[in-house]
Every structure is written in structure tokens, then in C-alpha cells.
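# Reading the structure
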Amino acid sequence: MFKKSISVDFERLPKHIGIIMDGNGRWAKKRKLPRTAGHTVGAKTFKSIARYCNKIGIEYLTVYAFSTENWKRPKDEVDAIMKLLKDYLVDAKNFKDENIKVKFIGDLSPLSDDLKQLIKESEEGSADATGLNLNIALNYGGRDEIVYAAKKIAKKVKEGIISPDEIDEKMISGNIYTASQPNPDIIIRPSGEYRISNFLIWQSAYSEFWYSDVLWPDFKPKDLDRAIIDFQQRNRRFGGI
Ligand code: FPP
């Protein structure tokens, strides 16, 4: 007797996947390498998973590249992550050849001018892509995002464009970084951690969570398949019965 293995149902894919790319430091430590080596391999994993999502027809992928709290890390580590992002963006072909539409979410104001310029070019250069919508969360914090939305709405109240009574969930959803995008269906966190860490906290109110012990640099498309298969077996009720 053989067991029927369950595979991904490509007709019922999650529309939006969020990933906390965690475990780069531990991956490097296990190999007695500097933490930055873990980020370098983590960046490769990111590229392969983004390509895979694009290939199978995922519509939205949001990856957590750098949080508002990550500035506390040693300068050489912060610089290494920014350099990996730059390298990725310099290779503008990533977007043109692969039909991936890139968008950065987060407070980009403290970034260097050359990184800001590259971000602008990559967003503009990929604006017409019709494949995967890739959100890269950079200097991103979920609470910071809600503050950002609150300030935008408060300005409209001050200018008399709206009244406070008109503020509702829809308006907040329309003023966060991911306005007009669907909420994540599933949030994936590898590396054996079980926290949301300020990632998409408004958007994840009804997201399914999926955890794995695999460290991010070791994460493979087959791990993503596992997450999707698990997701497809869950019964989402959104508060109903
Ligand atoms: C978390 O692992 C990872 C980060 C804070 C950085 C993620 C960055 C990349 C994968 C590379 C750059 C990204 C792109 C989009 C090119 P950790 O360092 O906290 O790992 P640890 O918990 O094992 O220490």
C-alpha cells in the first residue's frame, strides 16, 4: 500500500503571502561564519522564492527585509543588508525580465540618497509588470505604518476634507502602505520563532500563520509548497461559523 501524497492545488493558491525572513544569523553561526554571510545567502533565498512565487502565479508577496528596530544592529551588519538590497536593485533586469512589479513599504526617509534613487528607478521600471507584486518591507514597522496612516487621515480632517465620524476601518486600510492590495492570506516565519515582530499587524488580523524550523537561508520552494498545502487544508471563517 502506498500513501497518496498531497500536493499544491494551483487553482486555490493564497493571493498574498507574507514572509519574515528569519534565521540568517543562526545559519551563519552554525557554520562559524560572520552574520553577514547568513544575510548574503538569505538574499539568494529571497530571489529564488520570489521567482518561484512569480512562476506558480502568486499575486502578492511581502518580505520583511529590515524593520524599524533593526537599526540597533552593529553598523557593519546594517551596511551589509543595505548593500545586498542595492545589489538586488542594481540588477534592474530582475524586474524587466521576470515581469515582477516591485514596491517598497516602510519609512524610506532615513535611507541613503543612492538607495532611494535605486528604489525609485526599480518601482518606476517595473510599474507595468503584470506578474508577481513584490512588496519589500524596508525600515518597516506595523505600528509605524498605523501612525503614518493616522497622520494622513488627521491632515484631511484638519483641512476639512473629512469629518472624524467618517473614519472607519476601510479608511485606515486605504491609507496604509499596502492600500489597494489584498490582506495577506498566510504569514510564514521560518527559524523556529513564533512572533509577529511588528510585521503587517493591521493587515494580518485574519491571516493564517505558518511556522517552520528551517532557517531562512535553507528555505526552498518545497518548503513554500508545504506552507501552501497546509494553508489549503485550513478552514478560514473570518469570525463566522
Ligand atoms: C532576520 O534574520 C533577517 C534580517 C533582519 C535581514 C533580512 C535580509 C535579507 C534576507 C537580505 C536582504 C534582502 C533583500 C530583499 C535583498 P536574523 O539576522 O535576525 O537571524 P537570527 O535571528 O538567526 O539572528
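Scroll up for the structure.
First, a word on what this report is: a plain description of the structure on this page. Since the model is a prediction, treat every value here as computed from it, not as a measurement.

Time to look at the site of the ligand. Taken together, 16 residues are adjacent to the ligand, and Met21, Gly25, Arg26, Arg35 and Arg73 come closest. Arg26 is positioned with one of its side-chain polar atoms (N or O) 2.7 Å from an oxygen atom of the ligand. Summarising the interface, the protein chains cover 92% of the accessible area of the ligand, which totals 630 Å² for the free molecule. Spatially, the ligand is embedded in the largest pocket. Broken down by secondary-structure element, the contributors of at least two residues to the shell around the ligand are α1 (24-30), α2 (35-56) and α3 (75-90). Considered class by class, the residues forming the shell around the ligand number six nonpolar, six polar and four charged.

Turning our attention to the packing of aromatic side chains. This structure, assessed with the given rule, holds 11 aromatic pairs. Both rings, one in Tyr64 and one in Tyr140, keep their centres 5.9 Å apart while their planes meet at 80°; by these two values the pair is edge-to-face. With a gap of 76 residues between them, Tyr64 in strand β2 (residues 60-67) and Tyr140 in strand β4 (residues 133-140) connect regions that are remote in the sequence. Residue classification places Tyr64 among the buried residues on the basis of a relative accessible area of 9%. Under the relative-accessibility criterion, Tyr140 is labelled buried at 0%. Judged by centre distance (4.9 Å) and plane angle (75°), the rings of Phe66 and Trp71 are edge-to-face. Put simply, the rings of Tyr64, Tyr140, Tyr148, Tyr177 and Phe199 touch in pairs and so form one group of aromatic residues.

Read across the open sheet, the six strands follow the order β3-β4-β2-β1-β5-β6; overall the sheet is parallel. The open sheet has two edge strands, β3 (101-105) and β6 (208-211), and neither has a second partner. Strand-to-strand twist in this sheet, taken as the mean axis angle between neighbours without regard to direction, amounts to 20°. Helix α8 (residues 221-232) rests against β1 (16-20), β5 (186-189) and β6 of the sheet, and its axis sits at about 140° to β6.

Once that is clear, we can look at the layout of surface pockets. Its volume calculated, the largest pocket comes out at about 670 Å³. Surrounding the largest pocket, 30 residues form its lining, Met21, Tyr64, Ala65, Phe66 and Asn70 being those nearest its centre. Looking at the lining of the largest pocket, the elements with two or more residues in it are α1, α2, β2 and α3. Looking at side-chain class alone, the lining of the largest pocket contains 14 nonpolar, nine polar and seven charged residues. Counted as a void, the second largest pocket has a volume near 230 Å³. Forming the boundary of the second largest pocket are Glu169, Ser173, Asn183, Pro184, Asp185, Trp202, Gln203, Ala205, Tyr206, Ser207, Arg236 and Phe238. For the lining of the second largest pocket, the residue count by class is five nonpolar, four polar and three charged.

Calculation rules
Residues numbered from 1 in each chain as written. Predicted model: local features only at pLDDT ≥ 70, side-chain atom pairs only at ≥ 80, totals over all residues. Heavy atoms only, no water. Near = heavy atom within 4 Å. Polar contact = N/O pair within 3.5 Å; in protein donor to acceptor, adjacent residues only side chain to side chain. Areas by Shrake-Rupley, 256 points an atom, 1.4 Å probe, with all protein chains shown as cover. 1 Å grid on protein atoms, 1.4 Å probe; cavity = no way out; pocket = protein on both sides within 12 Å on 5 of 7 lines; lining within 4 Å. Sits in = over half its atoms within 2 Å of the grid points. Helix = DSSP H or I, 4+ residues; strand = E, 2+ residues; numbered from the N terminus. Nonpolar A, V, L, I, M, F, W, Y, C, P; charged D, E, K, R; others polar. Phe/Tyr/Trp six-rings, centres within 6.5 Å; stacked < 30°, edge-to-face > 60°. Buried < 20%, exposed > 50% of the residue type's maximum accessible area, 1.4 Å probe, protein only. Pairing = 2+ DSSP bridges. Axes fitted to C-alpha atoms, helices over the stretch in contact; angles between N-to-C directions. Contact = heavy atoms within 4.5 Å. Points joined across faces, edges and corners; volume = space filled by probe spheres on them.

What is shown is where atoms sit, not what they do.
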